[in-house]
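Spelled out, the chains give:
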Amino acid sequence: MSQSQSNVEVEEFAFQAEINQLMSLIVNTFYSNKEIFLRELISNSSDALDKIRYLSLTDKTVLDTNPDLKIDLVPDVSNKKLIIRDTGIGMTKSDLINNLGTIARSGTKNFMQAIKEGVEDISMIGQFGVGFYSAYLVADKVTVVTKHNDDEQYIWESEAGGHFTVQRDVHGEPLGRGTKIILYMKEEQTDFLKERTIKDLVKKHSQFIQYPISLQITKEEEVDDDKETKKDDKDKSDAQVEEVDEDEEKKKDKKKKKVEKKEWEQLNKTKPLWLRNPKDITKEEYGAFYKSITNDFEDHLAVKHFSVEGQLEFRAVLFVPKRAPFDMFESKKKPNNIKLYVRRVFITDNCEDLIPEWLSFLKGIVDSEDLPLNISRETLQQNKILKVINKNITKKAIELFQEISENKEDFNKFYEAFSKNIKYGIHDDTTNRDKLAEFLRFHSTKSGLEMTSLKDYITRMKEGQEFIYFVCGESKKAVEESPFLENLKKKGLEVLLMSDPMDEYAMQQLKEFEGKKFKNITKEGLELATDEEEKKKQEELKKATEQLCTVIKDTLGEKVEKVATSQRLSSSPCVIVTGEFGWTANMERIMKAQALRNSGMGSYMTSKKTLEINPSHPIIIELRKKVEKDKSDKTVKDLVWLLFETALLTSGFNLDEPTTFASRIHRMIKLGLAIDETETEISDKTTGDEDIPALEEEGGDANEMEKVD
């Protein structure tokens, strides 16, 4: 249908059915993330600029109509309009009709289908090639003015009512070349006309578009209100010195008026540094870029700038911060700090599959050429390309850590901040476990104040040593003085000292390093190489203490699975070791400290305990003699319990009944001080000592206990 108006032909067209449905859906449905309209329109402008730039490579004259390639944003608050203007390729009349309304694009149908299937993410609209229509999220009416080098200037206009009009623009401002989109904002969407809002949206989504994006801003300036200007006689002023009244001068200064002044401000001054050659970028430029994308007040510790080409193309810049974020392992924090861009357009910084969780401390950007623009979060998580990006980032991150390790001072800072992440990676990442193990550092019985790597440990291993020995505990001080170390130290065997709770988790998965297996010295099965003479001596002592072991087992009952002689003790009388496949004492302590733990797990993960006694220790020798003299000697029972509970503490376990243990100690003190039990009978009753098993024999046997003590 056509009509004549002001000698200009206005043609009216009906939207293709599916586009009409799409527009109806956008206009009538509430979406929380309406802000994506600006990203879509700026991306379209950037594409149009790409096209004219590409044409100019073979024909420079195409830029004669407007040599500047740029995007301008003009908010008109008083008229509730937002104008997006670009100097791209523009559209011909047929382009307007075909691209904005009548040709049934497969993308439109697919997008509608996705919406029907419950994908409530409007931000995926651009993936289907219909991102332009997101303008109707915020606008009642849209006018598109466009000029292509091969056609006249035309106006496309629609209020999303099922039809649109196209007419030649004879009265409007000549564009030269490009497109101007005018959005007539809805009453409730005028926030998008605020300068601050537009700046934030451009910084968030379009900061790295390669063409300058400028915003027309309004500034107020004070100017003199005097309309008449007075000219002083130069000769008089030279000859005459006038006294100026200060108050009068101030009054003159106050005669100012405020006027509004329009200025252009470029919003995307931060250039996409990742597109440049790393060799051409200075450390200062990387530092400035890091601070601009992270808002960190400190410089970064290290950076990795790389590109991947072939079937998949993407560029990335990864930064290691100097310090760990305070919420690094908080469950509700963002999964990572990597911003994902597609062709320099920001997509998301909340993509769980972009990097593994143990690398969540890395910051930076990834810019993919292969991901579809504006891909939705749901689709993103299932995209195979993302898995390839994940694999490549992990590989490059490990290379970066290797580079950091070449500088001892930098690596010490890195390890202090992110050692937990490396250990988490060993627990979680089966593919890269061996590579990550190279970055582990521990104190050892021979390393002094320095920490040692596993490679350095292996170089110091004694001839014939099969295992890498380690011990875990609550603190460095506790593991340094652990009774488990006694015989290994005596034999000159180095033991790694681990006091970080994450060490327990990492060592559960790390079974060997460079062909050497790990051995936890707090677990049963520790066999130390000995000569024939020592073996013979151990067998004799084992045979001699068999009866004592049986008595101790009968006394302790189910508290221990068995009692055996020990190869690991030299100065302590006894120690508690755990089964090879259950929790260690340290792991049991860690799990009990979990506030939200599953209490049922403890029943089958808690290891069976073995009491190992040192047959050469004076206390054990005296006990053995007492048992050999009288197997039913009642003083033995109390001493066995005291030894067992003491061994629990020195082995890293918690006591189930600390008051009972304390009462046993108090009784030993009374014996040592020769305090009569009857004197404290009343006190014992008030403190609950009546529930504690009494020392089984009085009188003469007390002297025997003192001897043993």
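The rules behind these values
Residues numbered from 1 in each chain as written. Predicted model: local features only at pLDDT ≥ 70, side-chain atom pairs only at ≥ 80, totals over all residues. Heavy atoms only, no water. Helix = DSSP H or I, 4+ residues; strand = E, 2+ residues; numbered from the N terminus. Contact = heavy atoms within 4.5 Å. Salt bridge = Lys/Arg side-chain N within 4 Å of Asp/Glu carboxyl O. Buried < 20%, exposed > 50% of the residue type's maximum accessible area, 1.4 Å probe, protein only. Pairing = 2+ DSSP bridges. Axes fitted to C-alpha atoms, helices over the stretch in contact; angles between N-to-C directions. Arc of directions from axis to C-beta. pLDDT = per-residue confidence, 0-100. Left-handed = near helix turned anticlockwise from the far one by under 90°. Nonpolar A, V, L, I, M, F, W, Y, C, P; charged D, E, K, R; others polar. Expected span 1.5 Å × (residues − 1). Patch = residues over 30% accessible without salt bridge, like charges linked within 9 Å, V, L, I, M, F, W, Y side chains within 5 Å. Areas by Shrake-Rupley, 256 points an atom, 1.4 Å probe, with all protein chains shown as cover.

Novice: Break down the overall build of the chain for me, citing the residues and quoting the values.
Specialist: On a plain count of helices and strands, the chain comes out with 25 helices and 24 strands. Taking all contacts inside the chain whose residues are at least 6 apart in sequence as the whole, residues at least 24 apart take part in 73%.

Novice: An account of the pattern of salt bridges is needed here, citing residue identities and associated values.
Specialist: A side chain with one charge can pair with a side chain of the opposite charge if their charged atoms come near. Within the structure shown, the criterion is met by 31 salt bridges. Between Lys93 and Glu11 there is a salt bridge; the shortest N-O distance is 2.3 Å. In this pair, Lys93 sits in helix H3 (residues 93-102) while Glu11 sits in strand S2 (residues 8-14), placing the two residues 82 residues apart along the sequence. The class for Lys93 is partly exposed, based on a relative accessible area of 22%. Here Asp50 ties to Arg53 by a salt bridge, and the two come within 4.0 Å at their closest N and O atoms. Here Arg53 and Asp50 lie together in helix H2 (residues 36-56), a separation of three residues that amounts to about one turn. What makes Asp50 partly exposed here is its relative accessible area of 23%. Look at the salt bridges and you will find they share partners, linking Lys304, Lys396, Glu399 and Glu403 into a network.

Novice: I'd like a description of the sheet that holds strand S21 (residues 516-520), backed by residues and values.
Specialist: Pairing is mixed across the open sheet formed by six strands, whose spatial order is S17-S16-S19-S18-S21-S20. At either margin of the open sheet sits one strand with a lone partner, and together these are strand S17 (452-453) and strand S20 (512-513). Of the strand pairs in this sheet, strand S18 (residues 467-472) and S21 are connected by four bridges, and their pairing is parallel. Of the residues in S21, the one forming a bridge with Tyr469 is Lys519.

Novice: If you had to explain the sheet that holds strand S15 (residues 363-368) to someone new, which residues and values would you point to?
Specialist: The mixed open sheet is built from five strands, whose spatial order is S11-S12-S15-S13-S14. Looking at the sheet topology across the chains shown, the edges are occupied by strand S11 (302-308) and strand S14 (345-348). Each strand axis lies, on average, 20 degrees off the axis of its neighbour in the sheet, ignoring direction. With seven bridges joining them, S11 and strand S12 (residues 314-320) adopt antiparallel strand pairing. What sits directly across from Val308, in S12, is Phe314.

Novice: Before we move on, can you summarise helix H5 (residues 195-205) with the specific residues and values?
Specialist: Those residues of H5 not exposed but buried are Ile198, Lys199, Leu201, Val202 and His205. For H5, the arc enclosing every buried residue in end-on projection is 165 degrees, short of the 170-degree limit, so these residues lie on one face.

Novice: Provide a residue-level description of the confidence of the model for the chain, including the pertinent values.
Specialist: Predicted coordinates in areas of low pLDDT are best not read in detail. Of the residues in the chain, 81% reach a pLDDT of 70 or more, and the chain-wide mean stands at 81. Here strand S1 (residues 2-5) is the element of the chain with the lowest mean pLDDT, 40, and strand S4 (residues 81-86) is the one with the highest, 95. In this model residues 124-128 is a low-confidence stretch, pLDDT under 50, and it forms 27 contacts with partners more than four residues away in sequence or in other chains. Taken together, the stretch residues 228-242 has pLDDT below 50 and engages in zero contacts with residues farther than four places along the chain or on a different chain.

Novice: Please give an account of the packing of H2 against H5 that cites residues and values.
Specialist: The N-to-C vectors of H2 and H5 enclose an angle of 65 degrees; their axes lie 10 Å apart at closest approach. Between H2 and H5 the crossing geometry is right-handed. Two secondary-structure elements touch here, H2 through Leu38, Arg39 and Ile42 and H5 through Ile198, Leu201, Val202 and His205. Considering only residue class, the contact of H2 with H5 consists of five nonpolar, one polar and one charged.

Novice: Give me unusual backbone geometry: which residues, what numbers.
Specialist: Residue Asn295 is not a glycine yet carries a positive backbone phi of 60 degrees. Position of Asn295 among the secondary structure elements: in the loop between helix H8 (283-294) and S11. Even without being a glycine, Ala674 presents a positive backbone phi close to 55 degrees. Within the element layout of this structure, Ala674 appears in the loop between helix H23 (658-672) and helix H24 (681-687). For Ala674, a relative accessible area of 68% corresponds to the exposed category.

Novice: Residue-level account of H8, with values.
Specialist: Taking 1.5 Å of rise per residue, twelve residues should cover 16 Å, and H8 covers 16 Å from first to last C-alpha, within 8% of that figure. The set of residues buried in H8 consists of Tyr286, Gly287, Phe289, Tyr290, Ile293 and Thr294. One side of H8 carries all its buried residues, which in axial view fall inside an arc of 165 degrees. Lining the buried residues of H8 we find S11, S12, strand S13 (337-342) and S15. Positive phi appears at Asn295, one or two residues downstream of H8, with a value of about 60 degrees.

Novice: How would you sum up a nonpolar patch on the surface? Please name residues and give values.
Specialist: A surface patch of nonpolar side chains, about 330 Å² in accessible area, is lined by Ile665, Ile669, Leu673 and Ile675. Summarising the element assignment, Ile675 is placed in the loop between H23 and H24. The exposure class assigned to Ile675 is partly exposed, which follows from its relative accessible area of 33%.

Novice: Describe the environment of Ile209, naming the residues involved and giving the relevant values.
Specialist: Turning to its location among the elements, Ile209 is positioned in the loop between H5 and strand S9 (213-224). In this structure, the C-alpha to C-alpha distance between Ile209 and Ser43, residues 166 residues apart in sequence, is 8.1 Å. The residues touching Ile209, leaving out its near neighbours within four places in the chain, are Ile42, Ser46, Ile71, Asn268, Arg344 and Val345.

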